[in-house]
Amino acid sequence: MNDPNATPDAVFVRRGAYYDSVTLMRVSGALADLPGTQVAIVAMATELNLDLARDLGFEVPEAGPGDLLVALRGADVDAAVAELDSRLRAQAVQGGQAAEQPPLTTRSAAARSAADLVLVSVPGEHAFGEALDAIEAGLPVMIFSDGVPVEQERLLKERADERGLLVMGPDCGTAVIGGVGLGFANVLRPGPVGVVAASGTGAQQVTCLLDLAGVGVSQVLGVGGRDLSAPIGGRSTLRALRMLDDDPATELIILISKPPAPGVADAVQKVIATLRTPVVTALLGQGGDLTAATETALHALDLPVPRWPHHPADTSAGPGGPGRSVGGGLVGVYSGGTLCAEAALVAGRGEFTDYGDDAYTRGRAHPMIDPTLRLEALRRVRPGDVVLMDVVLGHGADPDPAAGLAPVIASVPAPVVVALIGTEADPQGLREQRAALCRAGATVFASNAQAARHAASLLGHPGGHVQGEDR
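Note that the structure is a prediction, hence the values are computed from the model and not measured.

Engineer: What is the right way to look at the overall build of the protein chain in this model?
Structural biologist: Within the protein chain one finds 16 helices and 18 strands. For 471 residues, the compact-globule estimate of 2.2 N^0.38 gives 23 Å, and the C-alpha radius of gyration of the protein chain, at 23 Å, lies within 12% of that figure. With respect to the three principal axes, the spread of C-alpha positions in the protein chain is 75 × 60 × 35 Å. A sequence separation of at least 24 residues applies to 73% of the contacts in the protein chain between residues at least 6 apart.

Engineer: Explain the nonpolar core to me, please; I cannot follow it from the model alone.
Structural biologist: Soluble globular proteins tend to pack their nonpolar side chains together in the buried interior. In terms of nonpolar packing, the biggest core is built from 28 residues, with L378, M389, I409, V416, V418, L420 and L437 touching the most fellow members. Of all the secondary structure elements, the ones that give two or more residues to this core are α13 (372-379), β16 (386-392), α14 (401-411), β17 (416-421), α15 (430-439) and β18 (442-445). Counting residues per element, this core draws most heavily on α14, at 5 residues.

Engineer: Can you walk me through the packing of aromatic side chains in this structure?
Structural biologist: The description of an aromatic ring pair uses the distance of the two centres, along with the angle that the planes make with each other. The full count for this structure, using the stated rule, is 3 aromatic pairs. Seen in terms of ring centroids, F144 and F184 are 5.8 Å apart; in terms of plane orientation they differ by 50 degrees. Their pairing is tilted. In this pair, F144 is assigned in the loop between β5 (141-143) and α6 (150-162) and F184 in the loop between β8 (180-183) and β9 (190-197), connecting sequence segments 40 residues apart. With a relative accessible area of 28%, F144 lands in the partly exposed category. Under the relative-accessibility criterion, F184 is labelled buried at 7%. Pairing Y334 with F352 gives two aromatic rings, centres 6.3 Å apart and planes at 40 degrees, and the pair type is tilted. In this pair, Y334 is assigned in strand β14 (residues 330-334) and F352 in strand β15 (residues 351-354), connecting sequence segments 18 residues apart. A relative accessible area of 19% places F352 in the buried class.

Engineer: Can you help me understand the packing of helix α11 (residues 337-347) against helix α16 (residues 448-458) in this one?
Structural biologist: For any two helices packed against each other, one specifies the inter-axial angle together with the distance between the axes. In the contact formed by α11 and α16, the axes pass within 8 Å of each other and the chain directions differ by 45 degrees. In this view, α11 runs oblique relative to α16, as classed from their interaxial angle. Here the hand of the crossing between α11 and α16 comes out right-handed. Packed against α11, whose contacting residues are L339, E342, A343, V346 and A347, the element α16 presents N448, A449, A452, R453 and A456 at the interface. When grouped by side-chain class, the residues that make up the contact of α11 with α16 number 7 nonpolar, 1 polar and 2 charged.

Engineer: Would you mind showing me how to read the sheet that holds β5 here?
Structural biologist: In a beta sheet, neighbouring strands are held together by backbone hydrogen bonds and run either parallel or antiparallel to one another. Strand order in this open sheet of 3 strands is β4-β5-β6, and the pairing throughout is parallel. Every other strand in the sheet has two partners, leaving β4 (118-120) and β6 (167-168) as the edge strands with one partner each. When β4 meets β5, the two strands line up parallel, connected through 3 bridges. Along β5, the bridge assignment pairs V118 with V141. Where helix α5 (residues 124-136) meets the sheet, it contacts β4, β5 and β6, and its direction lies at approximately 165 degrees from that of β5.

Engineer: What am I meant to see in the pairing of β16 here?
Structural biologist: Put simply, side chains in a regular strand alternate between the two faces of the sheet. Taken across its 7 residues, β16 has 7 buried, putting it largely inside the fold. Covered by surrounding structure in β16 are V386, L388, D390 and V392 together with V387, M389 and V391, the residues of both alternating faces. Sheet topology note: the β14/β16 ladder contains 4 bridges and is parallel. Bridge pairing in β16 places L330 opposite V386. Sheet topology note: the β16/β17 ladder contains 6 bridges and is parallel. From the neighbouring strand, L388 faces β17, where its bridge partner is V417.

The rules behind each value
- Residues numbered from 1 in each chain as written.
- Predicted model: local features only at pLDDT ≥ 70, side-chain atom pairs only at ≥ 80, totals over all residues.
- Heavy atoms only, no water.
- Helix = DSSP H or I, 4+ residues; strand = E, 2+ residues; numbered from the N terminus.
- Rg over C-alpha atoms; globule rule 2.2 N^0.38 Å.
- Contact = heavy atoms within 4.5 Å.
- Core = buried A, V, L, I, M, F, W, Y, C linked by side-chain atoms within 4.5 Å.
- Buried < 20%, exposed > 50% of the residue type's maximum accessible area, 1.4 Å probe, protein only.
- Phe/Tyr/Trp six-rings, centres within 6.5 Å; stacked < 30°, edge-to-face > 60°.
- Axes fitted to C-alpha atoms, helices over the stretch in contact; angles between N-to-C directions.
- Parallel < 35°, antiparallel > 145°, perpendicular 65-115°, else oblique.
- Left-handed = near helix turned anticlockwise from the far one by under 90°.
- Nonpolar A, V, L, I, M, F, W, Y, C, P; charged D, E, K, R; others polar.
- Pairing = 2+ DSSP bridges.

Spelled out as structure tokens, the structure:
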């Protein structure tokens, strides 16, 4: 910065210093809370993070995704750097406290333990070897990592098929197995519904609606967003369907996905026809939505469909509260890919961004954990627009998303509509989160599809009216 009176910057790169994105998010947050600090970026030097630093006026040196980028601005950057070093040293000490040498490979770890599942969550370029190790060790694997080439996914699932194993993923964000949630997972009651999902947030929406209706799940098996594509052929979906059909605790199966490739759809239908357990399909883009599919499942179980709750914005809210004039566009600011796709289909208009897409998560925490990019998007909203967004609760997600979102929502000069995905048992507190968002001026829905219809109705879109608003 050339202005001698300007707040000083500290920008530097540490070559080859890798830290996971959640650790860096926490360090960045701690530095941002220091007195006098205006900006604190501590992140891997991906193109997205480099561009973010440049947009904030930092002169960024050459760096690559394997390097650590630090960009600080404030009254005492030396103190911030000292705090950074202290926290990173503490992280290194904490990570090195094991009394014995930890296993160096997935296969050696499997040989040492009584594990019955391997969870892989490493950068995508390194996931293949770890997942293959798990399969060769005779264990099913959940691959949380994204960015895995489709050729590697196909090979992993072929190898798993040969051994009678299930591969969940790559890019499998959610699973519930034996009552244990993996990845981003809500706290769900046990029950008769098994879920096979090529979508993490799609599974979370359906299972949270079931929970609101008093219905629990047996297992939630994620298969990865590409499983029903032509190159993969639905290998994990077919195996997961058969596994749930053999599960005595499962009375109904829900299959959640975007429309499969035509040949894959035929294969899936042929397998479904052989199962003893009835299957409800929730395929986005084929005339329905996730809420409608949940209602179909409840009907199949001979259970009543509740009125899905939604709550109006506080009438005393800030500039985005009730009564604000509209006439611009619909802006979708999403963390869940399937929720984003569903909202765009239901609303039938608007500009939607999935901030959980690979393009936004390389080198940084998922937006369900780190709201930074979505907060920036909310600050760019123009008067007259309508904002539609999701807030997803559960284990793995931000422990208090409303704390960061509510102040910014209150300042948005436009109505804000929120699809709040969660259960009463989630650690964030569903009622507390809902109340905070409503106080900030948001209208809050349990159903993403209903939220999308309501947002569209504010702009005069036909068919957008939602009946029975809870007051």
